[in-house]
Amino acid sequence: MGGVIGKADTPKKAWVPESKLEAKMVEALQRRASGGSKMKSFNSIILKFPKIDKSFQKCKSIFEQFDEDSNHVIDKEELRHCFNKLEISFSEEEINDLFEACDINDDMGIKFNEFIVLLCLVHLLKDDPAAQLAKAKMGMPDLETTFETLVDAFVFLDKNKDGHVSKSEMVDAINETASGERSSGQIAMKRFEEMDWDKNGMVNFKEFLFAFTRWVGIDEMDDEDDDEAGEEKA
Ligand SMILES: [Ca+2]
Ligand SMILES: [Ca+2]
Ligand SMILES: [Ca+2]
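Undergrad: I would appreciate a short explanation of the coordination of the calcium ion (ligand 2) in the present structure.
TA: Six octahedral donors at a metal ideally form angles of 90 or 180 degrees, and four tetrahedral donors ideally form angles of 109.5 degrees. Only Asp 158 (OD), Asn 160 (OD1), Asp 162 (OD), His 164 (O), Glu 169 (OE) and Glu 169 (OE) from the protein reach the calcium ion (ligand 2) as donors, at distances of 2.2 to 2.5 Å. For the calcium ion (ligand 2), the six donor atoms are set out with angles of 53 to 156° between them, so the coordination reads as irregular. Every donor residue of the calcium ion (ligand 2) comes from the same chain, spaced as D-x1-N-x1-D-x1-H-x4-E. Since its relative accessible area comes to 5%, Glu 169 is described here as buried.

So, in structure tokens, the structure goes:
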């Protein structure tokens, strides 16, 4: 083990984590990967979409609880309160990193879809017994199962366990299931491009999670009543 560096899809330059948080995410994923994945195929991930959607919807009440001024975003102060209440300890730097990582459109607030990603990252980074207990108190055990499924799905796709999903890993995963269907390569490509937001040829866990929130039908325009109006922003 450890000697297989320099596979075909190694990116041109060495990967540099964009933050300490990103480095920790990769570390946590690699730790998880050593235990293997329960996923058997990409299809088994897709079959879990309805269940994942259902538990994402349950995050809504948690979101509303922490959005103290009900302005539909969680600001840094509200996030601090959230972690206090959950008795999950993060340093100020970690809170800033988490906030910045999840506030993808830089408007200084965490929207519902971003909050789901944030909770899942917290799940990944804080899996000590104390944090587990705190999260159980929040009524999150159901969510924890979903987050675990997502980590498991990522670990399944990340065959070489480097903490990123490359294009060829995605193609391999989809080809395994779709025995020889001609369209499967295109589907894999499409899925991959949906995930790789910064177009650097690699999907990190955060990008993966954002893709999931969109795939199961949660996007940043989550105001139930104005689906039409949301279009004009593009
Ligand atoms: Ca707020
Ligand atoms: Ca990989
Ligand atoms: Ca990327």
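Undergrad: What is the right way to read the side chain of Thr 149 from this model?
TA: Within the fold, Thr 149 resides in helix H8 (residues 141–157). Its relative accessible area of 18% is what places Thr 149 among the buried residues.

Undergrad: How should I be thinking about the packing of helix H1 (residues 20–33) against helix H6 (residues 112–125) in this particular structure?
TA: Two quantities define a packed helix pair, namely the angle between the helix axes and the distance between the axes. Packing of H1 against H6 leaves a shortest axis separation of 9 Å and a crossing angle of 60°. On the basis of the axis angle, H1 is oblique to H6. Classified by chirality, the crossing of H6 by H1 is left-handed. Along its contact with H1, which presents Leu 21, Lys 24, Met 25, Ala 28 and Leu 29, the element H6 presents Leu 121, Leu 124 and Leu 125. Residue composition of the contact of H1 with H6, by class: seven nonpolar, no polar and one charged.

Undergrad: Sorry, what's going on with the coordination of the calcium ion (ligand 1) here?
TA: Surrounding the calcium ion (ligand 1) are the protein donor atoms Asp 67 (OD), Asp 69 (OD), Asn 71 (OD1), Val 73 (O), Glu 78 (OE) and Glu 78 (OE), which sit 2.3 to 2.6 Å from the metal. Donor residues for the calcium ion (ligand 1) sit on one chain with the sequence pattern D-x1-D-x1-N-x1-V-x4-E. Overall, the relative accessible area of 45% leaves Asp 69 in the partly exposed class.

Undergrad: What am I meant to see in the packing of aromatic side chains here?
TA: Where two aromatic rings form a pair, the distance of their centres and the angle of their planes describe that pair. Evaluation of the coordinates by the stated rule reveals 11 aromatic pairs. Through a chain of ring-to-ring contacts, the aromatic side chains of Phe 49, Phe 154, Phe 205, Phe 208, Phe 212 and Trp 215 assemble into a single cluster. Taking the ring centre of Phe 90 as reference, the NZ or CZ of Lys 126 above it sits at 4.7 Å. The lysine or arginine in question, Lys 159, covers the ring of Phe 156, its NZ or CZ lying 3.9 Å from the ring centre.

Undergrad: Just checking my understanding: could you explain a positive patch on the surface for this structure?
TA: A contiguous patch of positive charge, built from Lys 38, Lys 48, Lys 51 and Lys 54, is present on the exposed surface. Position of Lys 48 relative to the elements: it lies in the loop between helix H2 (42–46) and helix H3 (49–66). The class for Lys 48 is partly exposed, based on a relative accessible area of 35%.

Undergrad: Sorry if this is basic, but what is going on with the packing of helix H4 (residues 76–86) against helix H5 (residues 92–102) here?
TA: Two numbers describe how H4 lies on H5: the axes approach to 11 Å, and their chain directions differ by 120°. When the axes of H4 and H5 are compared, the pair comes out oblique. Of the two possible hands of crossing, H4 and H5 adopt the one that is right-handed. Only Glu 92, Ile 95, Asn 96, Leu 98, Phe 99 and Glu 100 of H5 make contact with H4, whose side of the interface consists of Lys 76, Leu 79, Arg 80 and Phe 83. Class assignment of the residues belonging to the contact of H4 with H5 gives a composition of five nonpolar, one polar and four charged.

Undergrad: Got a minute to help me understand the environment of Pro 50 in this structure?
TA: With respect to the helices and strands, Pro 50 occurs in helix H3. Owing to a relative accessible area of 55%, Pro 50 belongs among the exposed residues under this scheme. Sequence spacing of Pro 50 and Val 216 is 166 residues, and the spatial spacing of their C-alpha atoms is 7.2 Å.

Rules behind the numbers
- Residue numbering note: each chain is counted from 1, following its sequence as written.
- Each chain takes a letter, starting from A, and each ligand takes a number, starting from 1, following the order in which they are written.
- Local features in this predicted model are restricted to residues of pLDDT 70 or higher, and side-chain atom pairs are both shown and tallied only at a pLDDT of 80 or more, whereas totals for entire chains, interfaces and linings draw on every residue.
- Side-chain descriptors were evaluated using all non-hydrogen atoms of the structure, hydrogens and water having been removed beforehand.
- For Na, K and Ca the donor cutoff is 3.2 Å, while for all other metals N, O and S atoms must lie within 2.8 Å; water is not among the atoms, so some sites may look incomplete.
- Just to be clear on the cut-offs, tetrahedral is four donors with all angles between 85 and 135 degrees, square planar is four donors and octahedral six with opposite donors over 155 degrees apart and all others between 65 and 115, and anything else goes down as irregular.
- Whether a residue is buried, partly exposed or exposed follows from its accessible area with a 1.4 Å probe, protein chains only, as a fraction of its type maximum: under 20%, in between, or over 50%, in that order.
- Helix and strand definitions follow DSSP, with helices as H or I runs of at least four residues and strands as E runs of at least two, each counted in order from the N terminus.
- A fitted line through C-alpha atoms serves as each axis, taken over the contacting stretch for helices, and the angle formed by two N-to-C directions is quoted from 0 to 180°.
- Angle categories: roughly parallel below 35 degrees, roughly antiparallel above 145, roughly perpendicular from 65 to 115, and oblique for all the rest.
- Crossing handedness is defined as follows: a turn of the near helix away from the far one that is anticlockwise and smaller than a right angle gives a left-handed crossing, while the clockwise case is right-handed.
- Contacts between residues were defined by any pair of non-hydrogen atoms, one from each residue, lying within 4.5 Å.
- Each residue is assigned to one class: nonpolar for Ala, Val, Leu, Ile, Met, Phe, Trp, Tyr, Cys and Pro, charged for Asp, Glu, Lys and Arg, and polar for all the others, Gly among them.
- What counts as a ring pair is set by centres within 6.5 Å for rings of Phe, Tyr and Trp (its six-membered ring), and what kind of pair is set by the plane angle: stacked under 30 degrees, edge-to-face over 60, tilted for all other angles.
- To sit over a ring, a charge needs its Lys NZ or Arg CZ within 6 Å of the ring centre and within 35 degrees of the ring normal.
- Patches draw on residues past 30% relative accessible area with no salt bridge. Two like charges within 9 Å are joined, as are two nonpolar side chains (Val, Leu, Ile, Met, Phe, Trp, Tyr) within 5 Å.
- Residue-level accessible areas treat just the shown protein chains as cover; the underlying method is Shrake-Rupley with a 1.4 Å probe.
- Salt bridges are identified by distance alone: a Lys or Arg side-chain nitrogen within 4 Å of an Asp or Glu carboxyl oxygen.
- Counted charges follow a simple rule, with Lys and Arg positive, Asp and Glu negative, and His plus the chain ends left uncounted.
- The atom standing in for a charge is NZ when the residue is Lys, CZ when it is Arg, CG when it is Asp and CD when it is Glu.

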